[in-house]
Amino acid sequence: MSKRENQILQLLKRDPFIQQQELADILGISRSCVAGHIMNLSKKGYIKGKGYILSNHVYTVTIGAANIDLTSYTSAKLIYEDSNPGKIISTPGGVGRNIAQNVALLKNESYLISVVGNDTNGKALFEHTKSTGVNVNYLYRLDGEKTSVCNSIIDENGKCIVAVNDMSILEKLTPTLLSQAQSLIQNASVLIIDCNLTEETLAWLFNHANNVPIFVDTVSRSKASKIRHFLSRIHTLKPNRSEAEILSGIKIETLKDAADAAHWFHQHGVQRLILSMDAEGVYYSERDNTSGCSSAIHTNVINANGAGDAMMAGLVHCWLEGMELKESIRFAQQCSVLTLSSEHIEIFPKNRTYF
């Protein structure tokens, strides 16, 4: 490989979808020279497929919500219909954005596809997410739109009592917009989807992902039903008890019920089910393979928001590392615990001691 070819290869590793003219401008050569070098790299096996996807190029694509989280913490027992003392903090959030950020913090190449407004909140989200190592080339900033905001109230036990979200901008994350990143999506090692997306967008993703393993975060009971008709295309599904019940129609109160629900999901095509059982831990099941329950890891809960997102990031990381499911579950739980014990949604906030 020539020195120039190596320079181009390193630039492609940073952004496999960079345009030839941009490469030419960076290197100070003509576009035709860039095209010739890329042809040579393809012949030598360093590049394959559309979009300059590199041989053995491992990366994840997460598609979902990106928003600002306003979180109100009460300093005493919550009193309804009254003013409560406490504190209010603003942090980057959104299920998809949180997952993409945590995947990047676990030292994986991570792309985020989402939409924010071209406003103060949107610019802050864009810059913060970029600073954590996430590739934000497909985090679209839309003029005239308001960045999503989620407002949560957390009680003295760290439990979210109620949340109000203003996420209408996600309706703008359409199949037409996603088609601009179709090659990126179809060549990903893992595709992570959250159910904040519209049904039309979810349908497009399931129908255009080819054979890429799809990990799905159901988000909430009301949004989980959007994926009912696409279960056969899901590799890993991570619902909580309530979300699994609404999809399967099976009441889940015991581990036996969880096993029955897992069997139902496998019959409908889901390869792996990761079911949160609250204080009982996590029930996990892989079609035609292993199943079991991993006990809960007890911690001082400060904020439950984002814990599930951290767990999904852990699952994705372990899948990329080729870890067994049982081992993956424990690692993912540890990721979740780190978030539970922090006011922030990152797996690795500053000034912390880690496993």
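As the structure is a computational prediction, the values presented were derived from the model and not from experiment. (Residues numbered from 1 in each chain as written. Predicted model: local features only at pLDDT ≥ 70, side-chain atom pairs only at ≥ 80, totals over all residues. Heavy atoms only, no water.)

**Description of the packing of aromatic side chains**
Right, on to step 1. All chains considered together, the criterion is met by five aromatic pairs.
Right, on to step 2. Note on Phe 206 and Phe 230: the rings are 4.9 Å apart at their centroids and 10° apart in plane angle, and the pair reads as stacked. Taken together, the residues Phe 206 in helix 8 (residues 199–208) and Phe 230 in the loop between helix 9 (221–224) and strand 10 (236–238) connect sequence positions 24 residues apart. No difference in accessibility class separates Phe 206 from Phe 230, as the two residues are buried.
Right, on to step 3. Positioned over the ring face of Tyr 73 is Lys 87, at 5.8 Å from the centre of the ring.
Right, on to step 4. Sitting over the ring of Phe 126, Arg 141 keeps its end group 3.9 Å from the ring centre. (Phe/Tyr/Trp six-rings, centres within 6.5 Å; stacked < 30°, edge-to-face > 60°. Helix = DSSP H or I, 4+ residues; strand = E, 2+ residues; numbered from the N terminus. Buried < 20%, exposed > 50% of the residue type's maximum accessible area, 1.4 Å probe, protein only. Lys NZ or Arg CZ within 6 Å of the ring centre and 35° of its normal.)

**With respect to the pattern of salt bridges**
Right, on to step 1. Within this structure, the stated rule accounts for seven salt bridges.
Right, on to step 2. Salt-bridge contacts for Arg 241 lead to Glu 280; the nearest nitrogen and oxygen are separated by 3.2 Å. Of this pair, Arg 241 sits in helix 10 (residues 241–248) while Glu 280 sits in the loop between strand 11 (272–276) and strand 12 (282–286), placing them 39 residues apart in sequence.
Right, on to step 3. The buried category is assigned to Arg 241, whose relative accessible area is 15%.
Right, on to step 4. Salt-bridge contacts for Lys 251 lead to Glu 245; the nearest nitrogen and oxygen are separated by 4.0 Å.
Right, on to step 5. The class for Lys 251 is exposed, based on a relative accessible area of 54%. (Salt bridge = Lys/Arg side-chain N within 4 Å of Asp/Glu carboxyl O.)

**Some points on helix 11 (residues 255–267)**
Right, on to step 1. Between the first and last C-alpha of helix 11 there are 18 Å, a value that for 13 residues agrees with the 18 Å anticipated at 1.5 Å per step.
Right, on to step 2. Buried within helix 11 we find Asp 257, Ala 258, Ala 261, Ala 262, Trp 264, Phe 265 and His 266.
Right, on to step 3. In the core, the buried residues of helix 11 are packed alongside strand 10, helix 10, strand 11 and strand 12.
Right, on to step 4. Note on helix 11: the residue one or two positions beyond its end, Gly 269, has a positive phi of about 105°. (Expected span 1.5 Å × (residues − 1). Contact = heavy atoms within 4.5 Å.)

**Some details on the nonpolar core**
Right, on to step 1. Of all hydrophobic cores here, the largest spans 53 residues; its most connected members are Val 61, Ile 63, Ile 113, Ile 227 and Leu 237.
Right, on to step 2. Not counting residues within four places of it along the chain, the set of residues in contact with Leu 237 comprises Val 216, Thr 218, Ile 227, Leu 231, Leu 247, Phe 265, Val 270, Arg 272, Leu 273 and Ile 274.
Right, on to step 3. Membership of the second largest hydrophobic core comes to 22 residues, among which are Phe 215, Ala 310, Leu 315 and Cys 335. (Core = buried A, V, L, I, M, F, W, Y, C linked by side-chain atoms within 4.5 Å.)

**Observations concerning the pairing of strand 1 (residues 60–63)**
Right, on to step 1. Burial along strand 1 is two-sided: Thr 60 and Thr 62 and Val 61 and Ile 63, pointing in opposite directions, are all buried.
Right, on to step 2. For strand 1 and strand 4 (residues 110–117), the ladder comprises four bridges, and the chain directions are parallel. Bridging across to strand 4, Ile 63 finds its partner in Ile 113. (Pairing = 2+ DSSP bridges.)

**Notes on the environment of Asn 137**
Right, on to step 1. With respect to the helices and strands, the residue Asn 137 is situated in strand 5 (residues 135–142).
Right, on to step 2. Since its relative accessible area comes to 44%, Asn 137 is described here as partly exposed.
Right, on to step 3. Spatially, the C-alpha atom of Asn 137 lies 8.0 Å from that of Leu 112, the residues being 25 residues apart in sequence.
Right, on to step 4. Of note is the side chain of Asn 137, whose polar atom sits 2.9 Å from the side chain of Asp 15. (Polar contact = N/O pair within 3.5 Å; in protein donor to acceptor, adjacent residues only side chain to side chain.)

**Some remarks on the confidence of the model for the protein chain**
Right, on to step 1. Across the protein chain, the average pLDDT comes to 89, with 90% of residues at or above 70.
Right, on to step 2. Note on residues 350–355: pLDDT under 50 across the span, and twelve contacts to partners over four residues away in sequence or across chains. (pLDDT = per-residue confidence, 0-100.)

**Focus: the sheet that holds strand 8 (residues 190–194)**
Right, on to step 1. Overall, mixed pairing links the nine strands, which are arranged 5-4-1-8-9-10-11-12-13 in an open sheet. Looking at which strands have only one partner, the edges of the open sheet turn out to be strand 5 and strand 13 (291–294). Averaged over all pairs of adjacent strands, the angle between strand axes in this sheet comes to 15°, irrespective of strand direction.
Right, on to step 2. As defined by bridge partners, strand 11 adjoins strand 12 across five bridges and the pair is classed as antiparallel. (Axes fitted to C-alpha atoms, helices over the stretch in contact; angles between N-to-C directions.)

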